[in-house]
Amino acid sequence: MQPETELITLRDGRSIRLGPVEPEHAGLYRAYMMELADESPWTGTLSHEVKDEKGQRERLEKLRESPTEWVMGAFDPESNQLIADCGWHSIDYDKFRHVASLGIGILEPWRGVGLGRILMERGIQAARENAIVQKVELGVISENQIARDLYESLGFGVEGIRKRAVKQPSGEFCDDVVMGLWIGDRS
């Protein structure tokens, strides 16, 4: 089930439009991913690894039909630029299908205004509404304390640390903190 579209006002007064990232957004999604990969040390993707527009379209078409994948975008209503995303997916093995791997990304001018919390809350809620997902996991670079604090405030706990699992373009190694949230006890 993909997200509904809604207009949200952020803490700084700017508005965003939240909604599904559709196959017709493939070009916008690719441009967003390229910019995010270039500017953020916290993302796991480098710009040369971002799929071309055709690859993004194919991924988004497949996602539309998948019961174990979900994605939401945040769009600037003035420019229609994609400025953030949140998504999750589970792997295709029966023993692990109940675990969704969640991630968010936010372009720098839109950070620090509550968008991360909004995206995480929507992603967690979508996972709760999914009959398959019972646990949400994520990885966060150990130095990203702002994100770690956000995830902890939403109920995620540290489950482990993968030492030197991330190699930055500078050659610096960082730890990947694995965090999880059990949502299987639904009422």
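The structure under discussion appears in the preceding block.
Note that the structure is predicted; figures quoted are calculated from it, not measured. Note that residues are indexed from 1 along each chain, following the sequence as it is written. The model is predicted, so local features are restricted to residues of pLDDT at least 70 and side-chain atom pairs to those at 80 or more, both for listing and for counting; the totals for chains, interfaces and linings are taken over all residues. By convention in this description, side-chain values take in all heavy atoms of the structure and omit both hydrogens and water.

A. Just the overall build of the protein, in detail. Per the convention used, a helix needs a DSSP run of H or I reaching at least four residues, while a strand needs a run of E reaching at least two, with both numbered from the N terminus. A count of helices and strands for the protein gives four helices and eight strands. What you see in the protein, going N to C, is helices and strands ordered as β-β-α-α-β-β-β-α-β-α-β-β. Note on method: radius of gyration uses C-alpha positions; expected globular size equals 2.2 Å times residues raised to 0.38. Over its C-alpha trace the protein gives a radius of gyration of 16 Å, about what one expects of a compact globule, namely 16 Å for 187 residues. Evaluated residue by residue, the protein yields a buried proportion of 45% over its 187 residues. By sequence separation, contacts in the protein at least 24 residues apart represent 58% of the contacts at least 6 residues apart. Per-residue and other accessible areas were derived by the Shrake-Rupley procedure at a 1.4 Å probe size, with only the shown protein chains allowed to occlude residues. Here the protein has roughly 10200 Å² of accessible surface; of this, 48% comes from carbon and sulfur atoms. Charged side chains of the protein number 23 positive and 32 negative; the gap between the two group centres comes to 4 Å. Only protein chains enter the accessibility calculation, which uses a 1.4 Å probe. A residue is then buried if its area is under 20% of the maximum for its type, exposed if over 50%, and partly exposed in between. Note on contacts: a residue pair qualifies if any of its non-hydrogen atoms lie within 4.5 Å across the two residues. This count recognises Lys and Arg as positive and Asp and Glu as negative, with His and chain-terminal groups excluded. By convention, the point assigned to a charge is CZ for Arg, NZ for Lys, CD for Glu and CG for Asp.

B. Focus on the packing of aromatic side chains. Only Phe, Tyr and Trp rings are paired, with Trp represented by its six-membered ring, and only when their centres lie within 6.5 Å; those with planes under 30 degrees apart are stacked, over 60 edge-to-face, the remainder tilted. All chains considered together, the criterion is met by three aromatic pairs. Taking 6.0 Å as the distance between ring centres and 45° as the angle between the ring planes, the aromatic pair formed by Tyr29 and Tyr32 counts as tilted. Taken together, the residues Tyr29 and Tyr32, both in helix 1 (residues 26-39) and three residues apart, mark about one turn of the helix. With respect to burial, Tyr29 and Tyr32 carry one shared label: buried. A cation over an aromatic ring shows up here: Arg14 above the ring of Trp110, its NZ or CZ 3.9 Å from the ring centre. Whether a charge sits over a ring comes down to the Lys NZ or Arg CZ being within 6 Å of the ring centre and within 35 degrees of the ring normal.

C. Up close: the nonpolar core. Ile16, Leu115, Tyr151 and Phe156 are the most contacted members of the largest nonpolar core, which has 49 residues in total. For this core, the leading source of residues is helix 3 (residues 115-128), giving seven residues. In this description, a nonpolar core means a group of buried Ala, Val, Leu, Ile, Met, Phe, Trp, Tyr and Cys residues linked to one another through side-chain atoms lying within 4.5 Å.

D. Up close: the packing of helix 3 against helix 4 (residues 145-153). The contact between helix 3 and helix 4 brings their axes to 11 Å, and the two run at 45°. Here helix 4 runs oblique to helix 3, going by the angle between their axes. Both helix 3 and helix 4 take part in a crossing whose hand is right-handed. The residues of helix 4 that touch helix 3, namely those facing Gly116, Arg117 and Met120, are Leu150, Tyr151 and Ser153. Each residue gets one of three labels, nonpolar for Ala, Val, Leu, Ile, Met, Phe, Trp, Tyr, Cys and Pro, charged for Asp, Glu, Lys and Arg, and polar for the others, Gly among them. For the contact of helix 3 with helix 4, the residue count by class is three nonpolar, two polar and one charged. Under this scheme, a helix contributes an axis fitted over its contacting stretch, all axes are lines through C-alpha atoms, and angles between N-to-C directions fall in the 0 to 180 degree range. Orientation categories follow fixed angle ranges, with anything under 35 degrees roughly parallel, anything over 145 roughly antiparallel, 65 to 115 roughly perpendicular, and all other angles oblique. Handedness of a crossing is defined here by the sense of rotation of the near helix relative to the far one, left-handed for an anticlockwise turn of less than a right angle and right-handed for a clockwise turn.

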